[in-house]
Amino acid sequence: MTAGNPHNDFDLSLLDLLTAPAPPNSNPAHHRRDAELDPLLLAAAFASGPHVTRNHYHHDFFPPVMDPQAQGAYDWTKWTGEEIGSRQGQRKKYTYVSRQAPRSKRLQGLGSGEESKENESQQREAQRSLSASINTAVLTAARTDTAASLPADLKIKCMARTRIPTPHGPAFLHLYHNNRDNKEHLAIVVDPAQLSDAPNPAVPPIRSRSLDSVWSESETEMDRITRGAYVGKLSPSAQTPSQPLVDHPVVSADSVPSPLIRIHSECFTGETIGSMRCDCGEQLDEAIRLISQPIPIPSETPDAPPTTIPGRGAVVYLRQEGRGIGLLSKIRAYNLQDLGHDTVTANLMLGHKADERGYEIAAAILRDLGLGIEGGEGVRLLTNNPDKVQALEKEDLRIVERVPMIPRSWQRQHRHSVEGLLPSSVAVDEEDEAEKERRSGATLIGGGAAHGDDLEKYLRTKILRMGHMLPLFPERTDKDSLDDQ
Ligand SMILES: Nc1nc2c(ncn2[C@@H]2O[C@H](COP(=O)(O)OP(=O)(O)OP(=O)(O)O)[C@@H](O)[C@H]2O)c(=O)[nH]1
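To start, this report covers the structure provided alongside it. Please read all numbers here as calculations on a predicted model, not as lab measurements.

1. What about helix H8 (residues 280-292)?
Item 1. With 13 residues, H8 extends 18 Å from end C-alpha to end C-alpha; this agrees with the ideal 18 Å at 1.5 Å per step.
Item 2. Counted residue by residue, H8 has 12 buried out of 13 residues, so it is predominantly covered.

Printed below as a string of C-alpha cells:
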C-alpha cells in the first residue's frame, strides 16, 4: 500500500514528543474529549510529505514552520531547540492547519503536456528535498542519536468503537489510526455476546487492547465511555467503563469454533452506489451475514441436544480502494475495461500492478483484537484470494481454515454444485428467496445479489488470471438471467 514511499522514514520518537503530558486544564467542565493533536495522524501526515493539489497545499503548523521556502516560514533545519520568537517565560502556540497552495503553484499543473510533465518532475524533486529537510528537522527536534532513517515500526491504535445495528444483527465498529498512512482503517466486530447479561465464560469477548488501555492519567470514565471503552450495553442507566487488558485470553482450540474473519478492501463503486461491475458490496454484506450466524457447538453426549453460541468474528475494512490503486485510477481502469480489456490488463495499462494492496495493517488490527495470535485459537478466513491467505500467513496470522465467498448470483444459479463447497461450520442460508431478497444487502442500493455481464466477466478474470479459488461455471449472459425469471 505504501511500499516504496520515500517519505515513510518518520522518526517514532517524535510521537513521544507530541504525546507529552498536556498542561492542566483551567476549565475541566469544557475540556475536549479527544487529543488535540493525534500523534499517529501527524506522523502519517509528515511521512506522506506535502501534497500539492488545487485546493490543498500541505498541512503545516501555523505560524508556518514546515516549508523553509515559504514567505515568513522558519527553517526547521536550523532549529536549535529554542522556541521560535518566544519571549522569556512565554509559550508560543502552534496550530496545525491545512494550507492552500500559492496561486503560482496552483496554476503550474494547468500547462501544456510537456510543460506539466516538467512541472511534475520539479514538484517531485521539491517534495523530495522538502521531505528530507523535514526529516532532518524531526530528527533534530526529537534529539535522537539515530543516524540513518529507518522504516518506522508499524503502530496502530483503536481511536473509537461504537455499536452499529446491522440487518444481520449488532456489530461494533472500531476506527483505527496508524503511523504508515493517513487512512482511517476499520474493524467491524461481530460479537453480540458482549451485549448479553450472562455471556458464556468459555467464549472470550473480542476486544481491542489499544482501546481498552488507559490513555492518560487525566482520562475520566466519561472520556473512556465516549471513545467506546465500555463493557456491556450502553444506555442512560448503564455505563461501565472497560478495564485494560493485560493479555488476550487464550482459548483452547477445541472448546469453540474459531472466529470467522474477512479482510475487505474499500470499493466506493460497489459498496456505495451499488455498482454491479464487481461483487464488493454484496461480499461485504454477505461477510457480515455469515459471521453473524449462530455457531453450532457439538454436544458433549450423543443424547444431548445440539447447542449454539452467537456468531463471532470481524471484518477488517481496509481503505485500499481499487486493489490499492485508488478511486481515480480505478475509474480510468473501468473505461479501459469498456474498451475490451479485463480488470488485470486495465491496471497494467495504467502503470499499476494487478494488485497493490498490503496486509500488514490488517494483521496488526487483528492482533490488537486478539484474533489469530500465536498460541490462540486461530481464525477462519473468508476469502477466495490465495494472495490474501499467503500475505496474512506471512504476517504470522494463525489461519485454521479458509472459507470460500461464493457470489450470491452463483449461489442462486448453481445452488446444488455450490452447497458442497461450503464447510459444515457455515450454514447455507435456508430463507426463501423473497425473504432473502428483502433482507440481504438491505443497506445497499438495489439490495439482493449483484449480477450481470460485467460482474460475470470480472469474476471469471479473478479465477482465470488471479487464481481465485472458485469453480468456473459455464458462461451466462444477461439474457440467460432474464430468461430464468
Ligand atoms: N483496480 C480495480 N479494482 C477493483 C475492480 N473491481 C473491484 N476492485 C477493487 O477490488 C477490491 C476488492 O477486494 P476484496 O473485497 O478484498 O476481495 P478480493 O481480493 O477480490 O478477494 P476475496 O477475498 O476473495 O473477495 C476493492 O478494493 C475494489 O475497489 C476493478 O475492476 N479494478
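2. Points about the environment of Met159
Item 1. Its location among the elements puts Met159 in strand S3 (residues 156-166).
Item 2. Note: C-alpha distance between Met159 and Leu211 (52 residues apart in sequence) is 6.5 Å.
Item 3. Those residues in contact with Met159 that lie beyond four places of it in its chain are Leu175, Tyr176, His177 and Arg227.

3. Let's talk about the sheet that holds strand S4 (residues 169-178)
Item 1. The sheet built from seven strands is open, its strands ordered S3-S4-S5-S11-S8-S12-S13 with mixed pairing. Single-partner strands in this sheet number two, and they are S3 and strand S13 (399-403). Between one strand and the next, the sheet's axes are offset by a mean angle of 25°, whatever the strand orientation.
Item 2. Contacts between H8 and the sheet are confined to S3, S4, strand S5 (185-190), strand S8 (260-265), strand S11 (313-318) and strand S12 (379-382), with S8 contributing the most and set at about 165° to the helix.

4. A word on the site of the ligand
Item 1. Near the ligand, the surroundings consist of 22 residues, among which Ser265, Cys267, Thr383, Asn384 and Asn385 are the closest.
Item 2. For the shell around the ligand, the secondary structure elements donating two or more residues are S8, H8, helix H9 (327-338) and helix H10 (343-349).
Item 3. Among the residues making up the shell around the ligand, the classes are represented as six nonpolar, 11 polar and five charged.

5. Side note on the pairing of S4
Item 1. For S3 and S4, the ladder comprises 10 bridges, and the chain directions are antiparallel. What sits directly across from Thr166, in S4, is Gly169.
Item 2. Turn length for the S3-S4 hairpin, with the two strands adjacent in sequence and antiparallel, is two residues.
Item 3. As defined by bridge partners, S4 adjoins S5 across five bridges and the pair is classed as antiparallel. If you follow Leu173 over to S5, its bridge partner there is Ile188.
Item 4. The turn linking S4 back onto S5 is made up of six residues.

Analysis parameters
Per chain, the residues get numbers from 1 upward, laid out in the order the sequence is written. Predicted model: local features are reported for residues with pLDDT of at least 70 only, side-chain atom pairs are reported and counted for 80 or more only, and whole-chain, interface and lining totals are derived from all residues. Helix numbering and strand numbering both begin at the N terminus, where a helix is a DSSP run of H or I of at least 4 residues and a strand a DSSP run of E of at least 2. An expected span of 1.5 Å times one less than the residue number is assigned to each helix. The exposure scheme places C-beta atoms from the backbone and then counts, for each residue, the other C-beta atoms within 10 Å of its own, assigning buried at 20 or more, exposed at 12 or fewer, and partly exposed in between. Residue pairs qualify as contacts under a 7 Å threshold applied to their C-beta atoms, which are placed from the backbone. DSSP bridges decide pairing: two strands pair if at least two such bridges lie between them. Here an angle of 0 to 180 degrees is reported between the N-to-C directions of two axes, which are lines fitted to C-alpha atoms, with helices fitted over the stretch in contact. Being near a molecule or strand means, for a residue, that its C-beta atom, positioned from the backbone, comes within 6 Å of it. When residues are sorted by character, Ala, Val, Leu, Ile, Met, Phe, Trp, Tyr, Cys and Pro go into the nonpolar class, Asp, Glu, Lys and Arg into the charged class, and all the rest, Gly among them, into the polar class.

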